[in-house]
Amino acid sequence: MRDDDEQPWRPAAPARAPAVWEGASAPSAAGPGRDPGTGAGTSGAGPGAGAGTAGADTTHAGGSALADDAGTSTREGRHPPTRASSALRRAAQVVADRWRPLPPARRVGVVLGAVVVAAGLVAVGGVATGPAYAPVARPSFEVDDLRTTPTSTAWSTDLRALLAPDAQADCVGYDGSVRVGDDDVLVATSAQGYEPYSGCEDAPGQLARLDVRTGEVRWATDVAEAVGVDAVGLQVTVDEAGEEALVAVQSVVGSSLARVDTSTGEVLEVLAGAADARGGADARGGQALVVQVEGLSGAAVVVSRRLVDLSGDASVESSVADGRARLELYRADDLSTPTWTSATGDESSPMLVGHQLVVDGDGVMGSTRGGTEGGLQLVDARTGRTRPLPGDLRTVESWAESLGGSVVSGRADGDGDGPGEGSSVVSLDGDGQLRWSAQLPTASYPAVTDACISITAQDGDVTCLDPRTGDERWTRSTGDSGRDDVQAEQVQAFFGTATDDVLTSLVAPDALAEAAAGGGRDGPRGSGEGKTVLALDARTGDVRWSTELPVASYVIATSRTTGYASTFFSSDRDSPTLIAFDLADGRVLWSTQVATSAFASAFWGPTLVQVDPDGVVHGLATGVELAG
């Protein structure tokens, strides 16, 4: 007996629709399925609706005239049912019998549950069959995922009006490639042309903190005024915590240094240098003691002081007065007193990584902390301690930070003249102690990540060393292209990538020569295709993707699913082209010209920007949000 309190409302069941494969009764003049007298449908509304009258036989509960499972029809004009269709109808009848007694609320719940299950199946199936992307290994390098050409402007900020209102528009450049926190960058101004009498000599050396999600300028500081020089450019780095910045202010004569609070823009400390060359206390008899920043990191700075001759127009002549320069090494948080000083030969090229300084001991004389015995010396900026560089290097060609220490490569002891012979790499911990050293398969500049130290030989062989042990993880050949004139090149991502993929490229020498000689009316040199960039999995060496790029282009950044390359030209008159490609298969997604300096990143932090000639910067977006 039905409980009407539990089921207060039950509408009449609708009339059964005929099966799509069923035949109709013999047609009449009124048409099939209609009453010959009225022409009205026999299963329409009205008393007795829901039960067929004319032209319909008595059917089973399932609504079909069936005979038996053998498929013999009990009526002419019907297609005989198959065993499968009979089974489906029986299953449908079971569902219907269970569905009818359910209260309305239960019916809604069942439907919603089915939708959730279906959505889950679609999602799982989509992930299982979708493209494969490498995980984001270095979030601090990740940029926005722009899968389509940026067409919308998220914000616009007039930097020239704020930072350089009195300068000619074409005299000032803007670079926001130094990140601070998640969404902020430090924007530095520079003189685009700084030759004497160019009209750009007075371009300001401004530093500003910009929120690249909103375009808000949090603060702006004239660092050049704080150190007392006319700046032609700024070099900026921040400490590990992002709380302070070291700013080298380059002038036509030497450079100076400032320590800046990144929260407020306050100049905390100044190391004056270039101001001495304008008639300060150290200037005498047409000579001046000029400071030049030789190396800058978030932990230390090394400068040289040289006595130079000045001409009448205050430009530096090429001759050095006494043939010697004094090197000074400072901790980043204290510019008042050097931790180490030394006299060195004029040809010395100090190299600074973190707080570790490498200098040529053969040219160093009279070190104030520890003696030297020739060869390469390692100096700790925190203590001033000097000792021979661990390992067997006698020259240094590249250096990079790695696992809290550094990786240094160069020529090792020995007289090997063959490819790679005598080349070595040395890994040091944070205290300068030797972790390991290994011979390189080729003279190269290794690309360093926490997953792999990779070296690419010209023949296309790529080798990955374990950064922790120096052991060879794998070697893969990428040069088997069927052409003898293709050579491989190590790829160094200019502004860092978010993945640990090993990047290498294959370029035909004739394409390189054509790029170097090209340009002019047919387009900027290097704008044609000719470079194949490959990404190898850092764990296995397997090729993850490859893409075709212009010869004069470089990978500059990656997001979660999209990589970016930019053409790179020696003239600011050539507008760089930004090329986006898929990180699963390398296919090019879009390309567009970006109106920004050819020597600055198109990405300021995670945001793609465009800088107009009049100094207005725009944050660009696609208007499409990707699911997390």
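Up top is the structure.
I will try to describe carefully the structure that is included in this document.

Rules and cut-offs
- Residues numbered from 1 in each chain as written.
- Predicted model: local features only at pLDDT ≥ 70, side-chain atom pairs only at ≥ 80, totals over all residues.
- Heavy atoms only, no water.
- Helix = DSSP H or I, 4+ residues; strand = E, 2+ residues; numbered from the N terminus.
- Buried < 20%, exposed > 50% of the residue type's maximum accessible area, 1.4 Å probe, protein only.
- Contact = heavy atoms within 4.5 Å.
- Areas by Shrake-Rupley, 256 points an atom, 1.4 Å probe, with all protein chains shown as cover.
- Phe/Tyr/Trp six-rings, centres within 6.5 Å; stacked < 30°, edge-to-face > 60°.
- Lys NZ or Arg CZ within 6 Å of the ring centre and 35° of its normal.
- Core = buried A, V, L, I, M, F, W, Y, C linked by side-chain atoms within 4.5 Å.
- Disulfide = S-S within 2.5 Å.
- Pairing = 2+ DSSP bridges.
- Axes fitted to C-alpha atoms, helices over the stretch in contact; angles between N-to-C directions.

Within the protein one finds five helices and 37 strands. Here the protein, with 628 residues, has 44% of them falling under the buried criterion. Intrachain contacts of the protein at a sequence separation of at least 6 include 48% that bridge at least 24 residues. Carbon and sulfur atoms make up 51% of the accessible area of the protein, which totals about 31500 Å².

Here we take up the packing of aromatic side chains. In this structure the tally under the stated criterion is three aromatic pairs. Grouping aromatic residues by their ring pairs yields a cluster made of Y564, W590 and F603. The ring of Y554 has K531 lying over it, and the distance from NZ or CZ to the ring centre is 4.7 Å.

Let us now look at the nonpolar core. Core analysis: the largest hydrophobic core is formed by 19 residues, its most contacted members being L186, L207, L234, V236, V247 and V249. Taken together, the elements giving at least two residues each to this core come down to β2 (172-180), β3 (184-191), α4 (223-227), β6 (231-238), β7 (244-251) and β8 (255-261). L207 has contacts with L186, V187, A188, W219, A220, T221, V223, L234, V236, V247 and V260, leaving out every residue within four places of it along the chain. Among the nonpolar cores identified, the runner-up in size contains 18 residues, and A167, C200, A208 and L210 belong to it.

What follows concerns the state of the cysteines. By the definition in use, this model includes one disulfide. Put simply, C452 and C464 are joined by a disulfide, and their sulfur atoms are 2.1 Å apart. Of this pair, C452 sits in the loop between β23 (447-448) and β24 (453-456) while C464 sits in strand β25 (residues 461-465), and the two are twelve residues apart along the sequence. Accessibility expressed as a relative area gives 2% for C452, which makes it buried. For C464, a relative accessible area of 0% translates into the label buried.

The next thing to look at is the environment of L434. Among the structural elements, L434 can be located in strand β22 (residues 434-439). Note on L434: relative accessible area 41%, which makes it partly exposed. Distance from L434 to S406, taken between C-alpha atoms, is 9.9 Å for residues 28 residues apart in sequence. Look past the residues within four positions of L434 in its chain and what remains in contact with it is P390, G391, V426, S427 and L428.

So, on to the sheet that holds β6. Within the open sheet, the four strands sit side by side as β6-β7-β8-β9. Their pairing is antiparallel. With partners counted over all chains shown, the strands left at the sheet margins are β6 and β9 (267-271), one partner each. Across the sheet, the mean angle from the axis of one strand to that of its neighbour is 20°, orientation sign disregarded. With four bridges connecting them, β8 and β9 associate as antiparallel partners. Opposite A258, over in β9, you have V270 as the bridge partner.

The next thing to look at is the environment of L536. In this structure, L536 sits in strand β29 (residues 529-536). With near-sequence residues (within four places) excluded, L536 lies in contact with V462, W474, T478, D501, V502, G541, D542, V543 and R544.

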